[in-house]
Amino acid sequence: MLLKIMIVDDESIVRKDFKYMIGCADEAYKIVAEAANGKEALEKFNEHRPDVVITDIKMPLMDGIELAECILRDSKETKIILLSSYAEFHLAQKAIHLGVHAYLLKHEMDSVILFDYLNKLFEQIGEERKIERSKTMIQLMQSNMDAEAEQELLDKLDLTILKRSFILIVFDIEDEHESEKKASMTVPVLSEREFSSIIGDHMTGPGLWELMQMAEREYVCILKADGAAGESQMMQEVRTMVINIQASMKMKHQMTAAVAVSGLSSPGESISGLYRQTAAKLKYKVFYKGQAIVTGIPPESSGLSGLTLQKTTLDRLKHHFYQGEYEQVQVCLKKLLLDHTVERQDLTMLNKAVDGLLLFVRDFVSERNRERADQYDPYKMHEEVYRLGSVYKIYDWFLILFDKLRQEYNHKYCLKVLKALHYIHTHFNKDIGLEELSRVMEVSPIYASLLFKKEVGETYKSYLAKHRVHTAEALLRTGSYKIYEIGNMVGYQTTAYFCRIFKQITGKNPSDYEYRSRE
């Protein structure tokens, strides 16, 4: 960045002194104009548009205060340093009121003081330009302006990075512990400065890039294409860089990022159109198990055959659920949400599958208890499901929901035992004593124990242990958790005790459950 400076003083010796001091500095500072009075300075300001004006206060024709007023009325971003031979405090107060940057005494001025102020101005102007550039770029990408208007705005920005081919990268950030932070009133924030630092740490070579924060969770990085590298090599380098950025975010900030990457831009291509195309790819992050890097949009492939297969699978799932064949329900659910949609990466099929499952749940509950049907409103639950962000998490969510419905609406038990079962299913990860269970059943502890064993066929402690282990089995099959995490999730304080109970009930160790990756 070049800082353009204008010197205004009616004494030529003062102007020469400033020219000498600034001329000895590095190339970041350049005197573009000088003037002997305010009137001449105003004409030269309009011609050269300097970033900084250093002006004496006492001058003929127009003094420094009047000059500052005229300049700041026209250009609020210009920085003004006023000079005076005397400590005239009423002038200093007026200067501050005008919004000038500094009020300095000539006899105290030397190169150290001067460059202390100029260096601060250099940083301030650079930051202001970056913010203004970022605002303009955001306005540009979010607008639907025509090609001519877009080009006019780009010419004002004069961004070198947009004059040749570039790649656009969209980051969608998620905090892994957002729910806990919100509960403790700690807002999860990753500032633009922090994220810029992460990108800078992993930028390969002398790459030119710009970063913009489009929304609270969304960042856009424009990366200049390497003219010496082919598109295939460039895209591979970008992918490696993105993987490293994702790893750094996860390790340092406990945040994950879904990333969409555009192809290499073509000469004259609309940046707003390229942004919309790239951001649209993020919808497909739902098909990835881990952190997503989406480089292309797969063609819609459902067709009549895909939708027919989907309907057949959903009908089978409903049949098996009504018949109490819950293992087959899990098989159908896996086909419906994973096998059918992930391979095709078909959003239409996924949406239809989720909607069909939620409508079935609502109808099933409504048949048995109309008063509770509102709790399973498919539209509200649809929002909850898609907040999960991954089809694998959606699959696990439906597994848990169907198990809950299976337990809750099994009517072979009396109402008191059903209450006990429901309580166990919703509090199984806590220690449940007989006194606590008897209060739920609204009977004495002795009668609660006898009634439970009579109808269920085993003690409540035995039933609780089996339910914990069966829940653990379902979690193990997802492949999403460690053994010690699952033991803790189902209510066991130590991994060793969890493994012992697990083997007593299933005849296997938790480690015997091998998980075939769904990647």
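Please read these numbers as outputs of a predicted model, since none were measured by experiment.

Q: So what about the confidence of the model for the protein chain? Which residues, and what values?
A: The predicted structure's coordinates, where accompanied by low pLDDT, should not be read in detail. For the protein chain, the average pLDDT comes to 81, and 87% of its residues sit at 70 or higher. Segment residues 179-188: pLDDT under 50, and six contacts once partners within four positions in sequence are set aside and those in other chains are kept. Between residues 515-519, whose pLDDT stays under 50, and residues either more than four places distant or in other chains, the model counts 14 contacts.

Q: An account of the sheet that holds strand β9 (residues 255-261) is requested, with residue identities and associated values reported.
A: Reading across the sheet, the five strands line up as β7-β8-β6-β9-β10 and stay open at both edges, with mixed pairing between neighbours. Edge positions in the open sheet fall to β7 (209-213) and β10 (293-294), since each of these has one partner strand only. For strand β6 (residues 166-175) and strand β8 (residues 218-224), the ladder comprises seven bridges, and the chain directions are antiparallel. Its bridge partner lying in β8, Leu168 is registered against Ile222. In the packing of helix α5 (residues 111-142) onto the sheet, the strands contacted are β6, β7 and β8, and the crossing angle to β7 comes to about 75°. Along the sheet, helix α9 (residues 231-253) contacts β6, β8, β9 and β10; its crossing angle with β9, the most-contacted strand, is approximately 165°.

Q: Can you explain the sheet that holds strand β4 (residues 79-84)? Please cite residues and give values.
A: Taking strand neighbours across the sheet as the criterion, the five strands line up as β2-β1-β3-β4-β5 in an open arrangement whose pairing is parallel. Single-partner strands in this sheet number two, and they are β2 (29-35) and β5 (102-105). Each adjacent strand pair in this sheet contributes to an overall mean axis angle of 20°, direction not counted. Of the strand pairs in this sheet, strand β1 (residues 3-8) and β2 are connected by six bridges, and their pairing is parallel. Paired with Met6 across the bridge in β2 is Ala33. Contacting β1, β2 and β3 (52-56), helix α2 (residues 38-48) runs over the sheet at an angle of about 140° to β2. Across the sheet, helix α3 (residues 64-74) lies against β1, β3 and β4, angled at about 175° from β4, the strand it touches most.

Q: Describe the nonpolar core, with residues and values.
A: Ranked by size, the top nonpolar core spans 58 residues in total, and within it Val220, Leu333, Leu337, Leu357, Phe398, Phe402 and Leu405 carry the most contacts. When sequence neighbours within four positions are dropped, the list of residues in contact with Leu405 reads Phe321, Val361, Phe364, Val365 and Tyr376. With 29 residues, the next largest nonpolar core counts Leu421, Ala448, Phe452 and Tyr513 among its residues.

Q: Just give me the short version of a negative patch on the surface, but keep the residues and values in it.
A: A cluster of acidic residues, Asp146, Glu148, Glu152 and Asp155, forms a negative patch on the protein surface. Following the sequence through the fold, Glu148 ends up in helix α6 (residues 147-157). Here Glu148 falls in the exposed class, since its relative accessible area comes to 65%.

Q: A description of the side chain of Arg468 should follow, citing residues and the corresponding values.
A: For Arg468, the location among the structural elements is in helix α19 (residues 460-478). Buried and unpaired, Arg468 has no salt bridge, with Asp431 as the nearest side chain of opposite charge at 4.1 Å. Residues in contact with Arg468, not counting those within four places in the same chain, are Phe428, Asn429, Lys430, Asp431, Val490, Gly491 and Tyr492.

Q: Explain the pattern of salt bridges to me, and be specific about the residues and the numbers.
A: Under the definition given, this model contains 12 salt bridges. The shortest N-O distance in the salt bridge between Lys285 and Asp172 comes to 2.5 Å. Of this pair, Lys285 sits in the loop between α10 (271-280) and β10 while Asp172 sits in strand β6, and the two are 113 residues apart along the sequence. Since its relative accessible area comes to 25%, Lys285 is described here as partly exposed. Between Lys311 and Asp315 there is a salt bridge; the shortest N-O distance is 3.1 Å. Taken together, the residues span about one helical turn, with Lys311 and Asp315 both in helix α11 (residues 303-322) at a distance of four residues. A relative accessible area of 37% places Asp315 in the partly exposed class. Salt bridges here are not isolated pairs; linked through shared partners, they connect Arg15, Lys19 and Glu34.

Q: Could you give me a rundown of the packing of α19 against helix α21 (residues 495-506), with the residues and numbers involved?
A: For any two helices packed against each other, one specifies the crossing angle of their axes together with the interaxial distance. The N-to-C vectors of α19 and α21 enclose an angle of 95°; their axes lie 10 Å apart at closest approach. One way to sum up the angle between α19 and α21 is to call them roughly perpendicular. Mapping the contact onto sequence places Ala465, Lys466, Val469, Ala472, Glu473 and Leu476 in α19 and Phe498, Ile501, Phe502, Ile505 and Thr506 in α21. When grouped by side-chain class, the residues that make up the contact of α19 with α21 number eight nonpolar, one polar and two charged.

Rules of the game
As a convention, each chain's residues are numbered from 1 in the sequence order in which they are written. The predicted nature of this model means local features are confined to residues of pLDDT at least 70 and side-chain atom pairs, given and counted, to a pLDDT of 80 or more, with totals for whole chains, interfaces and linings taken over all residues. Values shown for side chains rest on all heavy atoms present in the structure; no hydrogens or waters enter the calculation. pLDDT is a per-residue confidence score from the predictor, ranging from 0 to 100. Contacts are assigned to residue pairs with any non-hydrogen atoms lying within 4.5 Å of each other. Strands are labelled as partners when DSSP assigns at least two bridges between them. Only DSSP runs of H or I covering at least 4 residues are called helices, and only runs of E covering at least 2 are called strands; the numbering of each starts at the N terminus. Axis lines are fitted to C-alpha atoms, over the contacting stretch for helices. Their N-to-C directions set the angle, which ranges from 0 to 180 degrees. Put simply, buried Ala, Val, Leu, Ile, Met, Phe, Trp, Tyr and Cys residues joined by side-chain atoms within 4.5 Å make one nonpolar core. To sort residues, take the accessible area from a 1.4 Å probe on protein chains only and compare it with the maximum for the residue type: under 20% means buried, over 50% means exposed, and anything in between is partly exposed. Think of a patch as exposed residues, more than 30% relative accessible area, with no salt bridge, where like charges cluster within 9 Å and nonpolar side chains (Val, Leu, Ile, Met, Phe, Trp, Tyr) cluster within 5 Å. Computed with a 1.4 Å probe, the accessible areas rest on the Shrake-Rupley method; for each residue, only the protein chains presented here act as cover. Here, a salt bridge means any side-chain nitrogen of Lys or Arg that lies within 4 Å of a carboxyl oxygen of Asp or Glu. Neither His nor the chain ends contribute to the count of charged residues, in which Lys and Arg are positive and Asp and Glu negative. Note on charges: their place is set at NZ of Lys, CZ of Arg, CG of Asp or CD of Glu. Angle categories: roughly parallel below 35 degrees, roughly antiparallel above 145, roughly perpendicular from 65 to 115, and oblique for all the rest. When residues are sorted by character, Ala, Val, Leu, Ile, Met, Phe, Trp, Tyr, Cys and Pro go into the nonpolar class, Asp, Glu, Lys and Arg into the charged class, and all the rest, Gly among them, into the polar class.

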